Amino acid sequence: MLTSPALFLAEIRPGGATTFAQVDPSAPHVRVDDLGVTRGDGIFESVAVVDGNPQSLRHHLDRFARSAALLDLPAPDTAVWARAVADAAAAHPPAPELLAKLVLTRGVEGGDAPTGWVHVFPAHDYGSQRTAGIDVLVLERAYPSDVVTRAPWLLQGAKTLSYALNTASLRYARAHGADDVVFVSAGGDVLEGPNSTVLARFADRWVTPPPELGILDGTTVGRAFAWAADRGDGTEVARLRVDDLRVADAVWLLSSGRQSAPVRSLDGVPRPTDAALQAELLHHLLTVHD
Ligand code: PLP
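These numbers come from a predicted model, not from an experiment. (Residues numbered from 1 in each chain as written. Predicted model: local features only at pLDDT ≥ 70, side-chain atom pairs only at ≥ 80, totals over all residues. Heavy atoms only, no water.)

1. Concerning helix 2 (residues 57–70)
Stage number 1. Here helix 2 contains 14 residues, and its C-alpha end-to-end distance of 20 Å stays within 8% of the 20 Å for a straight helix at 1.5 Å per residue.
Stage number 2. Considered for burial, the residues of helix 2 that qualify are Leu57, His60, Leu61, Arg63, Phe64, Ser67 and Ala68. Each buried residue of helix 2 lies within a common arc of 160° when the element is viewed along its axis, so the set occupies one face.
Stage number 3. Close packing links the buried residues of helix 2 with strand 3 (42–50), strand 4 (53–54), helix 3 (78–91), strand 5 (97–105) and helix 7 (219–230).
Stage number 4. Following helix 2 by one or two positions, Asp72 adopts a phi angle in the positive range, close to 55°. (Helix = DSSP H or I, 4+ residues; strand = E, 2+ residues; numbered from the N terminus. Expected span 1.5 Å × (residues − 1). Buried < 20%, exposed > 50% of the residue type's maximum accessible area, 1.4 Å probe, protein only. Arc of directions from axis to C-beta. Contact = heavy atoms within 4.5 Å.)

2. Describing unusual backbone geometry
Stage number 1. For Asp51, which is not glycine, the phi dihedral falls at a positive 50°.
Stage number 2. Here Asp51 is to be found in the loop between strand 3 and strand 4.
Stage number 3. In this model, Ala142 sits at a positive phi of 70°, which is unusual for a non-glycine residue.
Stage number 4. Mapped onto the secondary structure, Ala142 falls in the loop between strand 7 (134–140) and helix 5 (147–150).

3. Thoughts on the packing of helix 7 against helix 9 (residues 275–287)
When two helices pack together, their arrangement is given by the angle between the helix axes and by the axis-to-axis distance.
Stage number 1. Taken N-terminus to C-terminus, the directions of helix 7 and helix 9 make an angle of 115°; their axes are 10 Å apart at the nearest point. What the angle tells us is that helix 7 and helix 9 run roughly perpendicular. The element helix 7 and its partner helix 9 pack so that their crossing is right-handed. Of the residues in helix 9, those in contact with Thr220, Arg223, Ala224 and Trp227 of helix 7 are Leu277, Glu280, Leu281, His284 and Leu285.
Stage number 2. Residues belonging to the contact of helix 7 with helix 9 are distributed by class as follows: five nonpolar, two polar and two charged. (Axes fitted to C-alpha atoms, helices over the stretch in contact; angles between N-to-C directions. Parallel < 35°, antiparallel > 145°, perpendicular 65-115°, else oblique. Left-handed = near helix turned anticlockwise from the far one by under 90°. Nonpolar A, V, L, I, M, F, W, Y, C, P; charged D, E, K, R; others polar.)

4. Side note on the domain arrangement of the protein chain
Stage number 1. The domain architecture assigned to the protein chain consists of domain 1 (6–122) and domain 2 (127–287).
Stage number 2. Computed over C-alpha atoms, the centres of domain 1 and domain 2 are 25 Å apart.
Stage number 3. On the domain 2 side, the residues contacting the 23 residues of domain 1 number 19 residues.
Stage number 4. For the pair domain 1 and domain 2, the interface holds two salt bridges.
Stage number 5. Its salt-bridge partner being Asp217, residue Arg66 comes within 2.9 Å of it at the nearest N-O pair.
Stage number 6. Counting across the interface, domain 1 meets domain 2 through 14 residue pairs in polar contact (both at pLDDT 80 or more).
Stage number 7. No other element matches the seven residues that strand 3 contributes to the side of domain 1 that touches domain 2.
Stage number 8. Here the residues of the side of domain 1 that touches domain 2 are counted per class, giving eight nonpolar, 10 polar and five charged. (Domains from an automatic or database assignment. Salt bridge = Lys/Arg side-chain N within 4 Å of Asp/Glu carboxyl O. Polar contact = N/O pair within 3.5 Å; in protein donor to acceptor, adjacent residues only side chain to side chain.)

5. A closer look at the site of the ligand
Stage number 1. Lys159, Tyr163, Thr219, Thr220 and Ser256 are the nearest of the 17 residues found near the ligand.
Stage number 2. Glu192 is positioned with one of its side-chain polar atoms (N or O) 2.8 Å from a nitrogen atom of the ligand.
Stage number 3. In this structure, Thr220 approaches the ligand through a side-chain N or O atom, which is 2.6 Å from an oxygen atom.
Stage number 4. A total of 380 Å² of accessible area belongs to the ligand in isolation, and the protein chains cover 95% of it.
Stage number 5. Mapping the ligand onto the cavity grids shows that it belongs to the largest pocket.
Stage number 6. For the shell around the ligand, the secondary-structure elements that each account for two or more residues are helix 2, helix 7 and strand 12 (250–255).
Stage number 7. Here the shell around the ligand is composed, by residue class, of four nonpolar, 10 polar and three charged. (Near = heavy atom within 4 Å. Areas by Shrake-Rupley, 256 points an atom, 1.4 Å probe, with all protein chains shown as cover. 1 Å grid on protein atoms, 1.4 Å probe; cavity = no way out; pocket = protein on both sides within 12 Å on 5 of 7 lines; lining within 4 Å. Sits in = over half its atoms within 2 Å of the grid points.)

In structure tokens, the structure reads:
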């Protein structure tokens, strides 16, 4: 019988040999002294599974491996993790949009093995964000734009489990009447959202900020760029200032779960959105999986 959600737990031996087994998602599996729980010391990926297809899986697994390296965690065996994602997606009752969450922690304090799992569950309903758009606040992340080389221990650019600051910024935005956030660096460079990539359109040119600023290398924007290039438009990974966002023809926040959400206001100032273009972009993101 298919169970919902589907949970596959890893057994990772010293040296890295990894196997996964399906377990009961309603039973406890993680210890209270796991460093992922007590310190947020670990990494994750959220992969959209659309009509049964894990999207941008190779890109997600490459990023998972890069995050592991940045945290000095054992390198995940990405072929085994890919199979676990496919198995967990197949074990979940079919649904148009699921999310597969891959987690790897430093393991139990004093232990010698990381903890890992793949959890597949129904995706949040982003319907209204996709059609009506989102109100966004610009907030400071307050790190310098060269944080990656200047302070690598801050792990900017790794997808760590330490998302308390990200969720705090979203609560701040909601308390101030907005839906989401765009972070800027101390130097005024546009960075990313707390769980999204910024994409701006200037006529036939599509721009997203560079990972060198200490932001995630987004998988969704990779698929959006492929679509824009197919349209004959230009795509560019380049620095943006907040003023650039104010004058862009359109701005989106992109992420695996929501795919694309048009930004309809920035710091309370209404921005133009393009419903037809959003429909076309969203259709591409939901139907092209690599
Ligand atoms: N930036 C951050 C901080 C994120 O958490 C995410 C996704 O969760 C993204 C960007 C977008 O990445 P992706 O498109 O691969 O989901």
